[in-house]
Amino acid sequence: MAVSQPWKPLGAWLVELGAVSQKELNQALEVQKQIGGLLGTLLVRSGATSEDVVLQALSAQWAYPLLGKQQPAPDDFQVYETLRELPVSMEWMLEQDTVAWFEEALSESADQPEQRTVCILSSSFQNDEIREVLETSLESRGFRLKWVLASTYEIERLVGFVRQELAVTRLFSDTGSQSLLELAEEAPVVELVNNVLAKAVEAGASDVHIEPGEEFFIIRYRVDGVLHSQMTQSASRFPAVASRIKLISGMDIAESRLPQDGRISTRLGGQEMDIRVSTAPCSFGESVVMRLLPKNRESLSLESLGMEPDHLKLMRSVLGFSNGIVLVTGPTGSGKSTTLYSGLSELVDGRQKLITVEDPVEFQVRGVTQIQANGDIGYTFARALRAILRQDPDIIMIGEIRDLETAEIAIQSALTGHLVLSTLHTNDALSAFTRLVDMGVEPYLVAAPVKAVQAQRLVRRACPNCSEPASPPESLWKPLAGDWIKNPAFVEPKGCERCHGTGYRGRLGIYEIIPATEELQTLVADNADISDLRLWAARHGHRNLLQDGLIKAARGETTIEEVMRVAGTSVAEDEASEA
C-alpha cells in the first residue's frame, strides 16, 4: 500500500508525537541492537510509552487504519467464515497470529465475486515473508488487500475465537453416535457457552436470547432494554449448545417438545450470578432465554431509582402506612421488583417482621425473610401466602398478583392489619384497579385497601460523553409537558466508543404515582370506567409516564425520542380515552 506521506522511521514519528524523548528512543535503539525485536514492542515493555500511542505512530508511518477508529470492527463470526473461504491455510494464518475479513458483502450480481477487499489484521504485518505469501496468494486471485492495525489483545482475542470455532466445527463434523449428553460435555461446547455468558456480563446485558433458524441460530444480548445481535452460528451446533444450557440449569435435555424452566448459579466476570433459564419449542428447535441476576447488587434505596422529589416523598409516605396495599405496575423488565426491594430495604428497622413470597427470589435483602414459591410442587403464591400469615408478619411483599385467589388473600391481609406490597402487569397506574376487578375481585374490595398505585418504565440514559445540546421544537413537547418543564436543556446523543455507538449508557426510571384518596376510592367502588379514572387523575395534577419522562429529558438525562419510544403508547391510550 502506498504511503501518503514521506516515509519516516517509527522512532521519528514517536518523537514527533511527543510520545518518547530522544534519550528514551536512543536507549531503546541500543537495546534493539543487542537483543533484536521490534522497536515499538521494546518501548512499550520498558514503560516509555503505551501500545495505543505506538499504534497511532505505526498508523501514521504506514498509512494503515486503526481497528475501531478509521476501520469498523468486524463481527467475530465474520472473521471465522472469511478465513474458511480464503485460498490460504487457516492453520497457517493462525500460527502467524493473522486474521482477515471481507470489508463489504458479496454482491449476487457481481461478475467477478472474488474481487473484494480483504482486511488483514496481523501482529506480524512488518514481516516481509508473511506479507509476500498473503499478497501472492490473494492478489493473484483478484482480492484487494487492506492492512489494518490493532492492539495485541484484540488480535489474540480474534485468533482465540477462530481457534475455538475451528475446534467446535471439527467436533460437530465427527459427532457420529455421540449422544446429546456427551456433546454437551465436550470442551469446545462448554467453552462456547461459557464465553457467551462471560461476554454478556462484560456487555452489561440483562438477558441472553438464543434463537434458532433454518440455517443459523442467532445469539442476542439485551443491553439497556434493547436487543443487540452478538453472533451467528451454524444451526448444526444448536442442539449441543441448547443441551449444554439445559444440562447446567437442571432441565431434561431429552425434552424439547414442552417449555422448561431452570436455574444456574455461577461466577462470571468476578460476580456471583443467578441465571434464570427458559426454553420454549419453536419452528426450528427451542428458543432459549437466560436472565442474568447478580447476587450481590449495590445497596438499594429509593433515591437511586430516579424518582422526582414529589414522587419520592409520596412513595415514602405510603410505605409508612401500617396496613393497606401498594401496587407497582408495568411490563416485564420495567424495574418493578427493584422498586419493591428498595422500599423493603428502607422499611427494615428491626422492629417489624418483613416476609416476601417470590418466584424466583431475585436477590437477597438483609433483615427480610424471603420465601421461594414453586408451582411445580404445588407451592403457589396463594398457598405460600396462607402459610406466611401464620408467621406473624407486619409487612408482606408478593412478587406478583397473578390470579383471583392470590388477589383475595392479599386484600384480606391488608384489611386485617398488614401492609402488602405487590406488582401487576398493566399499562398504567390506574389500570391496576380495573385489572383486579377483571380478575373477579368485587370493586368495593378493590377500593378499600389500596393506598397507592404506581406505574413505571425504564428509559436509556443519554451518554454523557457524546451528548450535545439540542433544541427540539416546542410543538413537540410543550403540549404534552404543560407547566412541568421550566428551563429545558434537551440533548441529542451522537454515539461514541464508550456507548458502543448507541448514544445511550445505563437506564433510569420514569414514574406515575397516584395515591388512593377517598374520592378515587369512591370512583373505584362505583366501578367507574378507566377513562373516568384517568380524567380524575389529570384534573388533580398527577403526572403520567410521558410527562415524568419529559422532565428527565429536559434535564438532559435522556432524550425525547427515548421517552416517546418507551411511554408514548400508553399516553396515546390515555389521550384517546380522555377524548
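Residues numbered from 1 in each chain as written. Predicted model: local features only at pLDDT ≥ 70, side-chain atom pairs only at ≥ 80, totals over all residues. Heavy atoms only, no water.

For the protein, the name recorded in an unreviewed UniProt entry is Type II secretion system protein E, with Marinobacter nauticus as its organism. Reading the Sequence similarities (unreviewed entry) entry of the UniProt record for the protein gives the comment "Belongs to the GSP E family." (UniProt positions renumbered as here; feature names shortened; annotations may be inferred.)

## Details of the pattern of salt bridges
For the structure on display, the rule yields 29 salt bridges. The partner of E211 in a salt bridge is R220, and the shortest N-O contact between them spans 2.9 Å. By sharing partners, the salt bridges in this structure join E308, D310, R543, D548, K552, R555 and E557 into a single network. (Salt bridge = Lys/Arg side-chain N within 4 Å of Asp/Glu carboxyl O.)

## A look at helix α21 (residues 545-554)
Within α21, ten of the ten residues are buried, which leaves the element mostly enclosed by the surrounding structure. The complete set of buried residues in α21 reads L545, L546, Q547, D548, G549, L550, I551, K552, A553 and A554. Capping the start of α21, N544 holds a side-chain oxygen 3.2 Å from the backbone nitrogen of L546, two or three residues further along. Backbone geometry just after α21 places G556 at a positive phi near 85 degrees. (Buried < 20%, exposed > 50% of the residue type's maximum accessible area, 1.4 Å probe, protein only. Helix = DSSP H or I, 4+ residues; strand = E, 2+ residues; numbered from the N terminus. Polar contact = N/O pair within 3.5 Å; in protein donor to acceptor, adjacent residues only side chain to side chain.)

## Here's the deal with the layout of surface pockets
Of the volumes computed, that of the second largest pocket is approximately 620 Å³. Around the second largest pocket sit 33 residues that line it, and L38, T41, V54, L58 and Q126 are the ones nearest its centre. Elements with a contribution of two residues or more to the lining of the second largest pocket: α1 (10-17), α2 (22-35), α3 (39-46), α4 (51-62), β2 (117-122) and α8 (152-173). In the lining of the second largest pocket, the residues fall into 19 nonpolar, ten polar and four charged. Mapping the lining of the second largest pocket onto the domain boundaries places at least three of its residues in each of domain 1 (10-62) and domain 2 (76-103 + 116-172). (1 Å grid on protein atoms, 1.4 Å probe; cavity = no way out; pocket = protein on both sides within 12 Å on 5 of 7 lines; lining within 4 Å. Points joined across faces, edges and corners; volume = space filled by probe spheres on them. Nonpolar A, V, L, I, M, F, W, Y, C, P; charged D, E, K, R; others polar. Domains from an automatic or database assignment.)

## Thoughts on empty space enclosed by the protein
In this structure the tally under the stated criterion is two cavities of 30 Å³ or more. The calculated volume of the largest cavity comes to roughly 40 Å³. Lining the largest cavity we find L302, M315, L319, V326, V328, T339, L340, G343 and L421. Those elements that provide at least two residues to the lining of the largest cavity are α12 (309-319), β10 (324-329) and α13 (336-347). Here the residues of the lining of the largest cavity sort into seven nonpolar, two polar and no charged. Of all the secondary-structure elements, those providing two or more residues to the lining of the second largest cavity are α10 (187-202) and α11 (238-248).

## Topic: the sheet that holds strand β8 (residues 271-282)
In space, the six strands of this open sheet follow the order β6-β5-β4-β9-β8-β7, with antiparallel pairing throughout. Unpaired on one side and paired on the other, β6 (226-234) and β7 (260-268) mark the two borders of the sheet. Each neighbouring strand pair of the sheet contributes to a mean axis angle of 20 degrees, computed without reference to strand direction. As paired elements, β8 and strand β9 (residues 285-294) share ten bridges and run antiparallel to each other. Residue M273 lies in a different strand from β9, and its bridge partner there is P294. Set on the sheet, α10 makes contact with β4 (207-212), β5 (216-223), β6, β7, β8 and β9; between it and β5 the angle comes to about 25 degrees. (Pairing = 2+ DSSP bridges. Axes fitted to C-alpha atoms, helices over the stretch in contact; angles between N-to-C directions. Contact = heavy atoms within 4.5 Å.)

## A word on the packing of aromatic side chains
Taken as a whole, this structure holds seven aromatic pairs when the rule is applied. With 5.5 Å between their ring centres and 75 degrees between their planes, W62 and F125 make a pair best called edge-to-face. Linking W62 in helix α4 with F125 in the loop between β2 and α7 (128-139), this pair joins segments that are 63 residues apart in sequence. By the burial criterion, W62 is buried, and F125 matches it. Here Y64 and F125 contribute two aromatic rings whose centre-to-centre distance is 6.0 Å and whose plane-to-plane angle is 65 degrees, an arrangement assigned as edge-to-face. With Y64 in the loop between α4 and α5 (76-85) and F125 in the loop between β2 and α7, this pair connects stretches of sequence that are 61 residues apart. Judged by its relative accessible area of 2%, Y64 falls in the buried class. Among the residues examined, F125 registers a relative accessible area of 6% and is labelled buried. Among the aromatic residues, those joined into a ring-pair cluster are W62, Y64 and F125. Here R116 stacks its cationic end above the ring of F102, 3.7 Å away from the centre of that ring. (Phe/Tyr/Trp six-rings, centres within 6.5 Å; stacked < 30°, edge-to-face > 60°. Lys NZ or Arg CZ within 6 Å of the ring centre and 35° of its normal.)

## Notes on the domain arrangement of the protein
Examined at the domain level, the protein breaks down into domain 1 (10-62), domain 2 (76-103 + 116-172), domain 3 (180-294) and domain 4 (302-460 + 508-543). Averaged C-alpha coordinates put domain 3 and domain 4 at centres separated by 33 Å. The interface is formed by seven residues belonging to domain 3 together with eight residues belonging to domain 4. Counting the surface domain 3 buries against domain 4, the share from its top three residues, R263, R276 and R291, is 52%. Connecting domain 3 to domain 4 are zero salt bridges. Broken down by element, the side of domain 3 that touches domain 4 gets its largest block of residues, three residues, from β9. Taken together, the residues of the side of domain 3 that touches domain 4 break down into three nonpolar, no polar and four charged. (Buried area = accessible area lost by both parts, 1.4 Å probe.)

## Examining the sheet that holds strand β12 (residues 369-372)
The pairing of strands in a sheet happens through backbone hydrogen bonds and is either parallel or antiparallel. The sheet built from seven strands is open, its strands ordered β12-β11-β13-β14-β10-β15-β18 with mixed pairing. What marks the edges here is a single partner per strand, and that holds for β12 and β18 (504-515). Strand-to-strand twist across the sheet, computed as the mean angle between neighbouring axes with direction ignored, equals 20 degrees. Note that β10 and strand β15 (residues 450-462) share five bridges and pair parallel. Paired with I325 across the strands is V450, a residue of β15. Along the sheet face, helix α16 (residues 431-439) touches β10, β14 (419-424) and β15 and points at about 90 degrees away from the line of β14. Docked against the sheet, α21 engages β15 and β18, running at close to 135 degrees with respect to β18.

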